[in-house]
Amino acid sequence: NKPSHGLRRGQRVILIIAAICLLPLAAALMFRYVWTLPTVPSLGEVVTPQAFPYEQLLDTKGKPLVHEAVTDGWMMVYAAPGACDNACQQALYLTRQSRTAQGKGSMRLERLWVITDATEPAAELLAAHPDLMLARPLAVESVIGLGGIKASPRYIHLVDRRGQIVMRYSDN
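Residues numbered from 1 in each chain as written. Predicted model: local features only at pLDDT ≥ 70, side-chain atom pairs only at ≥ 80, totals over all residues. Heavy atoms only, no water.

As defined by bridge partners, strand β2 (residues 57-58) adjoins strand β5 (residues 132-137) across 2 bridges and the pair is classed as antiparallel. Residue pairing for β5: Leu57 is matched across the bridge by Pro137. Summarising the sheet, strand β4 (residues 109-115) and β5 pair through 4 bridges and their orientation is parallel. Bridging from a neighbouring strand, Trp113 pairs with Leu134 of β5. The β-α-β motif built from β4, the intervening helix α4 (residues 123-128) and the parallel element β5 has right-handed crossover chirality. (Pairing = 2+ DSSP bridges. Helix = DSSP H or I, 4+ residues; strand = E, 2+ residues; numbered from the N terminus. Right-handed = clockwise from strand over helix to strand, strands pointing away.)

Put into structure tokens, the structure is as follows:
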């Protein structure tokens, strides 16, 4: 009689140990496949890296932009007419907030507004964005890939340290 009782006790111990070991695995699988949290999709679109057209842009003094002179880090580029409608102002605001959100790393993220027409931006708009660099294209056709020309869609482009456009975000 005693050996069977000892066998039952041993079985119980093994079952308890197995339950303790398998419970975290079962919980992990349950949280992974049964109780999934809603995911937020990335709003950005990864693009095939292409060179940013620095040589096709002039700064506010009329000098060509040079990659090394512009940034040693990443850059957010937005192309839009100088009149800057509400969508443009919102996009510039978002780029400013994105840069500010980097905290200590904000100095490694520059912002560039490529003005796609001859219109001068409003002084109060420029005052609200003191760290915003401005540039104009030599020819509008040379920056058509950036968008913001006439009725073409506008994007906020992310340019890496090597001067390659790697992502773009819709401005809406």
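Right, picking up where we left off after that structure.
It is worth spelling out the pattern of salt bridges at this point. Summed over all chains, the structure comprises 6 salt bridges. Between Arg168 and Glu45 there is a salt bridge; the shortest N-O distance is 3.2 Å. Of the two residues, Arg168 is situated in strand β7 (residues 164-170) and Glu45 in strand β1 (residues 44-51); the sequence distance between them amounts to 123 residues. A single network of salt bridges, built from pairs that share partners, joins Arg99, Arg111 and Asp131. (Salt bridge = Lys/Arg side-chain N within 4 Å of Asp/Glu carboxyl O.)

Right, let's get into the sheet that holds strand β3 (residues 74-80). One open sheet accounts for 7 strands, arranged β1-β7-β6-β3-β4-β5-β2; its pairing is mixed. The open sheet terminates on both sides in strands that have one partner only, identified here as β1 and β2. Bridging between β3 and strand β6 (residues 155-159) involves 4 bridges; their strand directions are antiparallel. Along β6, the bridge assignment pairs Met75 with Val159.

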